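What follows is the residue order along each chain.
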Amino acid sequence: MGYAQRYSWAWGIYYASAREVILKDVKRSNPASVADIGTGDGRMARELSIDLPGSHVVGIDYSERSIQLAKALNSTIDLRCLDIIKNPPNESFDALTLIEVFEHIHLDTANAFVSALRPLVNNNGYLLVTVPHENLLDSAKHFHNFSAHSLSNY
């Protein structure tokens, strides 16, 4: 008998499924420019750049550590360390993705964060958001979970 170790993160399947839905939706609209806000390790920005080879794709995160990791994993992608509330990029995009990010924004800054997103979206552009539903157990890393109503209030 041998020994094996396996890590299983229940949220992983939900994240992977959400990512697939987002990629299909963004690809269908074929935007000229996309920003992945809260890009973390840059995976979504990387996959967007692969699926949309003619589009300008930018990954943005306020965490220098996350951007350093993202750059190490994705050296050809435009990745930027920015706090969009204090230092927004001087451009707008046809599409923004905000994938499993908003629940990590502290309640004291949630409204300012949402307000900072608006100028980043072109007039005919759109924002795609995924968040945990309020019926999920709270995580120590989440400041809030959402219902359709509470998310639309932002």
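One can find the structure itself at the top, above this paragraph.
Keep in mind that this is a model prediction, so the values were computed, not measured. (Residues numbered from 1 in each chain as written. Predicted model: local features only at pLDDT ≥ 70, side-chain atom pairs only at ≥ 80, totals over all residues. Heavy atoms only, no water.)

### With respect to the overall build of the protein chain
- A tally of regular secondary structure across the protein chain gives 5 helices and 5 strands.
- Listing each helix as α and each strand as β along the protein chain from the N terminus yields α-β-α-β-α-β-β-α-β-α.
- Put simply, the protein chain has 154 residues, and 37% of those count as buried.
- The long-range share in the protein chain, meaning contacts at least 24 apart out of those at least 6 apart in sequence, stands at 63%.
- Accessible surface computed for the protein chain: about 9700 Å², of which carbon and sulfur atoms make up 52%. (Helix = DSSP H or I, 4+ residues; strand = E, 2+ residues; numbered from the N terminus. Buried < 20%, exposed > 50% of the residue type's maximum accessible area, 1.4 Å probe, protein only. Contact = heavy atoms within 4.5 Å. Areas by Shrake-Rupley, 256 points an atom, 1.4 Å probe, with all protein chains shown as cover.)

### Focus: the environment of Gly 54
- Relative to the assigned elements, Gly 54 resides in the loop between helix H2 (43-51) and strand E2 (56-61).
- A sequence separation of 24 residues divides Gly 54 from Asn 30, and the C-alpha atoms of the two residues are 8.9 Å apart.

### Re the sheet that holds strand E4 (residues 93-99)
- Pairing within the open sheet is parallel, and its 5 strands lie in the order E3-E2-E1-E4-E5. In this open sheet, the two edge strands, each paired with only one partner strand, are strand E3 (78-81) and strand E5 (121-130). Averaged over all pairs of adjacent strands, the angle between strand axes in this sheet comes to 20°, irrespective of strand direction.
- Relative to E4, strand E1 (residues 33-37) is paired through 3 bridges, and the arrangement is parallel. Looking across to E4, one finds that Asp 36 is bridged to Thr 97.
- Those strands touched by H2 are E1, E2, E3 and E4, and its axis lies near 180° from that of E2.
- Across the sheet, helix H3 (residues 64-73) lies against E2 and E3, angled at about 165° from E3, the strand it touches most. (Pairing = 2+ DSSP bridges. Axes fitted to C-alpha atoms, helices over the stretch in contact; angles between N-to-C directions.)

### Remarks on helix H4 (residues 110-117)
- Inspection of H4 places Ala 110, Phe 113, Ala 116 and Leu 117 among the buried residues, and these make up the whole buried set. In an axial view of H4, the angular spread of the buried residues amounts to 125°, which keeps them on one side of the axis. Within H4, the exposed residues directed more than 90 degrees away from the buried face are Asn 111 and Ser 115. (Arc of directions from axis to C-beta.)

### Structural notes on the pattern of salt bridges
- Applying the stated criterion to the full structure yields 3 salt bridges.
- For the salt bridge of Arg 28 with Asp 25, the shortest nitrogen-to-oxygen distance reads 2.6 Å. With Arg 28 and Asp 25 both in helix H1 (residues 10-29), this residue pair falls 3 residues apart, about one helical turn.
- By relative accessible area, which is 64% here, Arg 28 ends up exposed.
- Among the salt bridges present, the one from Arg 80 reaches Glu 91, with a minimum N-O distance of 2.6 Å. Taken together, the positions of Arg 80 in strand E3 and Glu 91 in the loop between E3 and E4 put the pair 11 residues apart, joining distant regions of the chain.
- Taken together, the salt bridges that share partners define one network made up of Asp 78, Arg 80 and Glu 91. (Salt bridge = Lys/Arg side-chain N within 4 Å of Asp/Glu carboxyl O.)

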